[in-house]
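# Examination of the molecular architecture
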Amino acid sequence: MSVSTPFSTSSDAGVQPRLTWPLVVLSLAGLILLPSIWPSSYVVNVLILAFIFAILATGLNLIFGYTGLLSFGQVGFFGLGAYLYALLTMDGGVSPWLSILLAGIGSGFVALLLGYPALRVSRASFVIVTLSVTLLAALLARNWVEITRGPMGIPRLPAPSIDLLGLGTFSGHDPHVFYYIALAIAVASIGAIYLLVNSPIGRVLRAINLDEPLAASQGISPKKYQIAAFAVAGILSGIAGSLHVSHLGIVDPSIFDPYYSEMLLIIVIVGGPGSFWMVVVSSLVFMAIPELLRMAPELRMVLFGMVLVLAAMLFPTGVGGYFEQRKLAMWRRSLRS
Amino acid sequence: MTAILTTHGLCKNYRGIKAVQDADLSVARGGITGLIGPNGSGKSTTIDCITGFTRPSSGKVSYDGQDITGSPSYGLAGIGLVRTFQNVRVYERLSVMDNLIVASQSLRAHGWLPLMLRSTAVKADEKAIMQEALSFLELVGMAHYAGAPAGILSYGQRKLVALAACLITHPKLIVLDEPLAGVNPTIIRKISGLIETLNEQGLTFLIVEHNVDFIMRHCDHVIVMEQGKKLTEGKPEDVRRDERVLEAYLGKRVGLETKGTAYA
Amino acid sequence: MEFFIQLVINGLMLGMVYALIAIGLSLIFGVLEIVNFAHGHFYMLGATVLAALVTSAGIGFFPSLVIATVAVGVVGYLVYVVLLRHFREGEFDRGIILTIGIGMVLQNGVAYLFGSSSRMVDTSLSFVSWDVAGFFVDAQRTVAVLVGAVAIAALYAVLTFTRIGKAMRAFAQNREAAFIVGIRPAVIAGIAVAIGIALAGLAGAALAPVFAVHPAMGAPILFKVFAIIIIGGLGSLPGALVASLLIGVTESVVGGYSSVALQDAVAFMLMIVVLLAFPAGLFGKGIRV
Ligand SMILES: Nc1ncnc2c1ncn2[C@@H]1O[C@H](COP(=O)(O)OP(=O)(O)O)[C@@H](O)[C@H]1O
Ligand SMILES: [Mg+2]
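Residues numbered from 1 in each chain as written. Chains lettered and ligands numbered in written order. Predicted model: local features only at pLDDT ≥ 70, side-chain atom pairs only at ≥ 80, totals over all residues. Heavy atoms only, no water.

As annotated in an unreviewed UniProt entry, chain B carries the name ABC transporter ATP-binding protein and comes from Manganibacter manganicus. Heading Sequence similarities (unreviewed entry) of the UniProt record for chain B holds this comment: "Belongs to the ABC transporter superfamily." (UniProt positions renumbered as here; feature names shortened; annotations may be inferred.)

Printed below as a string of structure tokens:
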């Protein structure tokens, strides 16, 4: 037994582990420099949306890709975070930065409370309960007018600003400033999930996903981990939602639009559930596509629907899963010879 | 010898089917107890009741002086009771090494933050567990597969890994559901030898098995089930001579055949 | 009191519509263990086809109803043959992803071809109302409910008395049992999917003159029906029927005495309560997926 044998086959598929870190650092450097090289606010705005979706998609990847629970609650928590941000900043007088944090925590807390009834019966009921939560949240947003201002929404939301000592204050209402705020929050939250899924906890989550009874026989309480993962994914959604509306400057019930759910699902499915970096890359790609592929939005959604159908039929494990399968085949070959 | 595990009046009904009826079983500490009986006689269901995978309809299960009736399955590995499954289970997409690390209890004692940040204590623990896992993999002869995904292993190799995963939990009692079924003779010898060695080191076993040779050679006590009930129990050689046991096996087979023609 | 009775009658009518959709959904879940996320979009397809036949082709309401139902059923059968047939047991998530994709294609395809605005369908029954024992009943709604009741009764007869129907029920209970009946599982499942989807199409077509027809009409009603089948117990057809009527009446009464917003939320709130009190649903056998 040589020490150099790779113990974990679960490292991110697609790229050689050795290459992953240089690539990540390089991409990050590129993203930091991009606005100075290509200062179009159009490009900057597209990338901001991509960062927000990358946070959202990483949350879904955690609960679906790693933990194995298909959740339709993510957009519900996205909207919840958005409204929490609006209410905290507008009615509560809380600062934007703290509001983003509290929006994440609040959404995560609601997820924690919902996790138990949602997981009570079966995976089918989990899907339907999480979906219903999103719909209920949308209903509330539209009808609880005293709090949410109803269909008109809450306009004129503040954006977080950066206070560089000595250099002055940079307002987040400037897209070029907000770009760095969104990037920083994306790096922090996605980085935290990276640490989580690559820690022993991530290994346990994956084990529960692969074989729940076996995990239980080994002293792991599947529900405890599943509910915790659901809560963490809820935190990410809440942060993404608050970030999104602080950029838009307004929150209204369209934050719960099915469009968000559909895009989120397609990002994770094509990237590959359980493939960490592929899902992040997929978020960037799918947010850029509408800008590159100019056509009627309906036609584009028809195409995206077909992509989902094809992915479900041919590549249920996505791009990332394809690489993992190749790795498996390699192992088989090496054992035969 | 004292009993490490006992059941009293254990019953399990599945909508009309009485899978287990009024079973009083006792597993002696330090021994190898065999649980035999024709297919469908309720052996696996009994194991499921004992290990918390299904709630008994009535009856009591005690383990190591505690009442564990209806306690959840995940609460038992921590007190030294682990099991394997009839259709062997491993985490196919995890490496063999990761299969063992997941099963190990000690990493889970750390808080989530140290685990996420891989604190020095976690790192040290992980290193120790890897060493331990490796030694168990060596014991079952699977060390050279440590880095391979468990999904590529043969059925017999999976059973060896599943056994190693049991061992890394530091159990007192291991419940094995048909550990030799569907496995080639080399691995049968390997597993039999392992059970013998581990038993000599003080581990207690409760084993469901159809392999008569194994039962006769290794078990010091055999319980026979038939149609959910305990038919008889005793020393292997006595049980073997028991008319009723022979009848249970033969009768069942004849019964199955007549049923088969009735359906066709 | 009269107001209350009027609300209950309206509620039963609404419940009947839910039942048509819920029973089809439950039937498909029973035989394939797939939660069909495209089901509401087949309801929309039925309404769209009927609207096109009545408005553009000038065909009468009842012939159009039959054509729309059959057409949607055929599409459903094709979806089974081309896509769903390739699924094995335990591929629950893949089934959902696939049917969401199908739904996206249907909804946006219809929006692209016919536009996404709402359309009204006028028939000879529009604006007619009947006075039954002093209660006001809308003719078009009544026809829709009667059509639904006939369809459900017919389905009940098929499931109880025909060989294929018995095979479907056996199949839903136990996959191996289907072989005993001597019908190939693929045939059973294909017919069940076609019937289930045709029922959704029928509901859409029958209601097209009552509600406005538009491409996004499928999702809201489907989600409510999801809650209904959880309340009734996943895969249980009687459960789906009873829960549908229950929710229909509750919604109508709540809407009558309280707010429309609460009316829309009732089904979801009841679902959470049922999940906490009876995890397997009111009639469920607690199928684990
Ligand atoms: N989950 C279940 N639902 C319904 N019946 C079951 C279930 N599990 C086991 N049974 C029935 O209980 C009886 C005993 O099965 P089992 O314990 O697997 O027998 P053995 O392990 O001795 O072969 C069989 O008749 C089987 O059909
Ligand atoms: Mg068995």
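Contact residues are listed per partner, giving 38 residues for chain B and 35 residues for chain A. Of the roughly 3400 Å² buried where chain B meets chain A, counting both sides, 67% is carbon and sulfur surface. A per-residue breakdown of the area chain B buries against chain A is headed by Tyr 91, Arg 93 and Met 116 of chain B, which together make up 21% of the total. Notably, a salt bridge pairs Asp 211 of chain A with Arg 89 of chain B, separated by 2.7 Å at the nearest N-O pair. At the boundary of chain B and chain A, one finds 9 residue pairs in polar contact (both at pLDDT 80 or more). Counting residues per element, the ones that place at least two in the side of chain B that touches chain A are β6 (81–83), α2 (96–103), α3 (112–117) and α4 (120–139) of chain B. The element contributing the most residues to the side of chain B that touches chain A is α2 of chain B, with 5 residues. Residues belonging to the side of chain B that touches chain A are distributed by class as follows: 26 nonpolar, 5 polar and 7 charged. (Contact = heavy atoms within 4.5 Å. Buried area = accessible area lost by both parts, 1.4 Å probe. Salt bridge = Lys/Arg side-chain N within 4 Å of Asp/Glu carboxyl O. Polar contact = N/O pair within 3.5 Å; in protein donor to acceptor, adjacent residues only side chain to side chain. Helix = DSSP H or I, 4+ residues; strand = E, 2+ residues; numbered from the N terminus. Nonpolar A, V, L, I, M, F, W, Y, C, P; charged D, E, K, R; others polar.)

What follows covers helix α10 (residues 222–248) of chain A. Residue and element names in this part refer to chain A. Compared with an ideal rise of 1.5 Å per residue, which puts 27 residues at 39 Å, α10 spans 39 Å between its outermost C-alpha atoms and is within 8% of the ideal. Of all 27 residues making up α10, 20 are buried, and the element is well covered by its neighbours. Positioned one or two residues after α10, Gly 249 has a phi angle of 85 degrees, which is positive. (Expected span 1.5 Å × (residues − 1). Buried < 20%, exposed > 50% of the residue type's maximum accessible area, 1.4 Å probe, protein only.)

Moving on, we come to the domain arrangement of chain B. Residue and element names in this part refer to chain B. By domain assignment, chain B separates into domain 1 (3–90 + 171–258) and domain 2 (92–152). On the domain 2 side, the residues contacting the 6 residues of domain 1 number 7 residues. Both sides of the domain 1 and domain 2 interface together cover about 480 Å² of buried area, and 64% of this is carbon and sulfur. By the criterion of area lost to domain 2, the three top residues of domain 1 are Val 90, Lys 190 and Leu 194, representing 75% of everything that side buries. Where domain 1 meets domain 2, there are 1 residue pair in polar contact (both at pLDDT 80 or more). Of the residues that constitute the side of domain 1 that touches domain 2, the class distribution is 4 nonpolar, 1 polar and 1 charged. (Domains from an automatic or database assignment.)

The next subject is the interface of chain A and chain C. Between chain A and chain C, the residue contacts involve 37 residues of the former and 41 residues of the latter. Surface buried jointly by chain A and chain C totals about 3600 Å² across both partners, of which 81% is contributed by carbon and sulfur atoms. In terms of surface lost to chain C, no three residues of chain A exceed Val 121, Ile 128 and Met 313 of chain A, which account for 16% of the buried area on that side. Seen at the junction of chain A and chain C, the total is 0 salt bridges. For the interface between chain A and chain C, the tally reads 2 residue pairs in polar contact (both at pLDDT 80 or more).

What follows covers the pairing of strand β4 (residues 58–63) of chain B. Residues and elements named next belong to chain B. Where strand β1 (residues 3–14) meets β4, 5 bridges bridge the pair, whose relative direction is antiparallel. Bridging across to β4, His 8 finds its partner in Lys 60. Pairing of β4 with strand β5 (residues 66–67) involves 2 bridges; the strand directions are antiparallel. Across the sheet, the residue bridging to Ser 62 is Asp 67, located in β5. The hairpin formed by β4 and β5 contains 2 residues between the paired strands, and Asp 64 there has a positive phi angle of roughly 50 degrees. (Pairing = 2+ DSSP bridges.)

So, about unusual backbone geometry. One non-glycine residue with positive phi stands out, namely His 170 of chain B, at about 55 degrees. Secondary-structure assignment places His 170 of chain B in the loop between α5 (155–167) and β7 (173–177). A relative accessible area of 53% places His 170 of chain B in the exposed class. With a phi angle near 55 degrees, Glu 33 of chain C is a residue other than glycine that sits in the positive phi range. One can find Glu 33 of chain C in the loop between α1 (2–32) and α2 (39–56).

Turning our attention to the packing of helix α13 (residues 297–314) of chain A against helix α4 (residues 92–114) of chain C. Closest axis-to-axis distance for the α13 of chain A/α4 of chain C pair is 8 Å, and the angle between their directions is 160 degrees. Our classification of the angle between α13 of chain A and α4 of chain C gives roughly antiparallel. Pair α13 of chain A / α4 of chain C crosses with left-handed handedness. From α13 of chain A, Glu 298, Leu 299, Met 301, Val 302, Phe 304, Gly 305, Met 306, Leu 308, Val 309, Ala 312 and Met 313 of chain A reach across to α4 of chain C, where they touch Arg 94, Ile 97, Leu 98, Ile 100, Gly 101, Ile 102, Met 104, Val 105, Asn 108, Gly 109, Ala 111 and Tyr 112 of chain C. Partitioning the contact of α13 of chain A with α4 of chain C into residue classes produces 17 nonpolar, 4 polar and 2 charged. (Axes fitted to C-alpha atoms, helices over the stretch in contact; angles between N-to-C directions. Parallel < 35°, antiparallel > 145°, perpendicular 65-115°, else oblique. Left-handed = near helix turned anticlockwise from the far one by under 90°.)

Attention now goes to a nonpolar patch on the surface. All names here are of chain A. Taken together, the side chains of Leu 28, Ile 32, Leu 33, Ile 37, Trp 38, Tyr 180 and Val 187 present a nonpolar region at the surface, about 660 Å² in accessible area. If you list the elements that add at least two residues to the nonpolar patch, you get α1 (17–37) and α7 (175–197). Inspection of the secondary structure assignment puts Trp 38 in the loop between α1 and α2 (41–66). (Patch = residues over 30% accessible without salt bridge, like charges linked within 9 Å, V, L, I, M, F, W, Y side chains within 5 Å. Areas by Shrake-Rupley, 256 points an atom, 1.4 Å probe, with all protein chains shown as cover.)

This brings us to the coordination of the magnesium ion (ligand 2). Ideal values differ by geometry: the angle at a metal is 109.5 degrees with four tetrahedral donors, but 90 or 180 degrees with six octahedral donors. Residue and element names in this part refer to chain B. Only Ser 44 (OG) and Gln 86 (OE1) from the protein coordinate the magnesium ion (ligand 2), and they sit 2.1 to 2.2 Å from it. Of this pair, Ser 44 sits in helix α1 (residues 43–50) while Gln 86 sits in the loop between β6 and α2; the two residues are 42 residues apart in sequence, bridging distant segments of the chain. Using a relative accessible area of 23% as the deciding quantity, one classes Ser 44 as partly exposed. On the basis of relative accessibility, which here comes to 31%, the residue Gln 86 falls in the partly exposed class. (Donors = N, O, S within 2.8 Å, 3.2 Å for Na, K, Ca; no water.)

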